[in-house]
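Spelled out, the chains give:
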Amino acid sequence: LSRALRDEDPYVRKTAAVCVAKLYDIAPELVQERGFIETLHDLISDSNPSVVANGVAALSEISETSGRDVMKITASVLQKLLA
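Throughout, residues of each chain are indexed from 1 in the direction in which the sequence is written. Only residues with pLDDT of at least 70 get local features here, since the model is predicted, and only at 80 or more are side-chain atom pairs given and counted; chain-wide, interface and lining totals rely on the full set of residues. Water and hydrogen atoms were dropped before computing side-chain values, which therefore reflect all heavy atoms in the structure.

A. Highlighting the packing of helix α2 (residues 10–26) against helix α4 (residues 36–43). For the pair α2 and α4, interaxial distance at closest approach is 11 Å and the crossing angle is 145°. Read as a crossing pair, α2 and α4 show a hand that is left-handed. Residues R13, A17, V20, L23 and Y24 of α2 form the contact with α4, whose own contacting residues are F36, I37, L40 and L43. Gly falls in the polar group here, along with every residue not listed as nonpolar (Ala, Val, Leu, Ile, Met, Phe, Trp, Tyr, Cys, Pro) or charged (Asp, Glu, Lys, Arg). Of the residues in the contact of α2 with α4, the class split is eight nonpolar, no polar and one charged. Only the stretch in contact is used when a helix axis is fitted, and all axes are lines through C-alpha atoms; the angle between N-to-C directions ranges over 0 to 180 degrees. Secondary structure elements are taken from DSSP: a helix is a run of H or I of four residues or more, a strand is a run of E of two residues or more, and numbering for both begins at the N terminus. A crossing counts as left-handed when the near helix is turned anticlockwise from the far one by less than a right angle, and as right-handed when that turn is clockwise. Throughout, a contact is declared for two residues whenever any of their heavy atoms are within 4.5 Å.

Next up, the structure:
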């Protein structure tokens, strides 16, 4: 999954983002330990809009499931989303 999140093919990256959200449902501690939430944050600045959309969707789903704000929308994140 770590390699898929950094794959050169945008289809692989966007699919991997969804997998992180599903994995969080099964093993939230594994997602945190492996740094997948931080990797989803990195996908927000991806050059492919589908990858960005799936990264945001995955973070949103994790936020709902966990009851915590993992999205952490800062001014720089907002700028990336609006660009």
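B. Geometry of the environment of S47. Tracing the backbone through its elements, the reader meets S47 in the loop between α4 and α5 (49–66). In this structure, the C-alpha to C-alpha distance between S47 and P10, residues 37 residues apart in sequence, is 8.9 Å.

C. Molecular detail of the side chain of T39. Looking at the element boundaries, T39 is found in helix α4. What T39 contacts, discounting residues up to four positions off in sequence, is L5 and R6.

D. Structural view of the confidence of the model for the chain. On a range of 0 to 100, pLDDT expresses the predictor's confidence in each residue. Chain-level pLDDT for the chain is 93 on average; 100% of the residues reach the 70-or-more range. Within the chain, the element-level pLDDT minimum falls on helix α6 (residues 75–82), averaging 81, and the maximum on α2, averaging 97.

E. Examining the nonpolar core more closely. Here, the term nonpolar core denotes a set of buried Ala, Val, Leu, Ile, Met, Phe, Trp, Tyr and Cys residues that are joined through side-chain atoms within 4.5 Å. Three exposure classes are used, based on accessible area relative to the maximum for each residue type with a 1.4 Å probe and protein chains only: buried under 20%, partly exposed in between, and exposed over 50%. Counting 21 residues, the largest nonpolar core has V20, V31, I37, L40, L59 and I62 as its most contacted members. Sorting the residues of this core by element identifies α2, α4 and α5 as the ones contributing at least two each. It is α2 that contributes the most residues to this core, six residues altogether.

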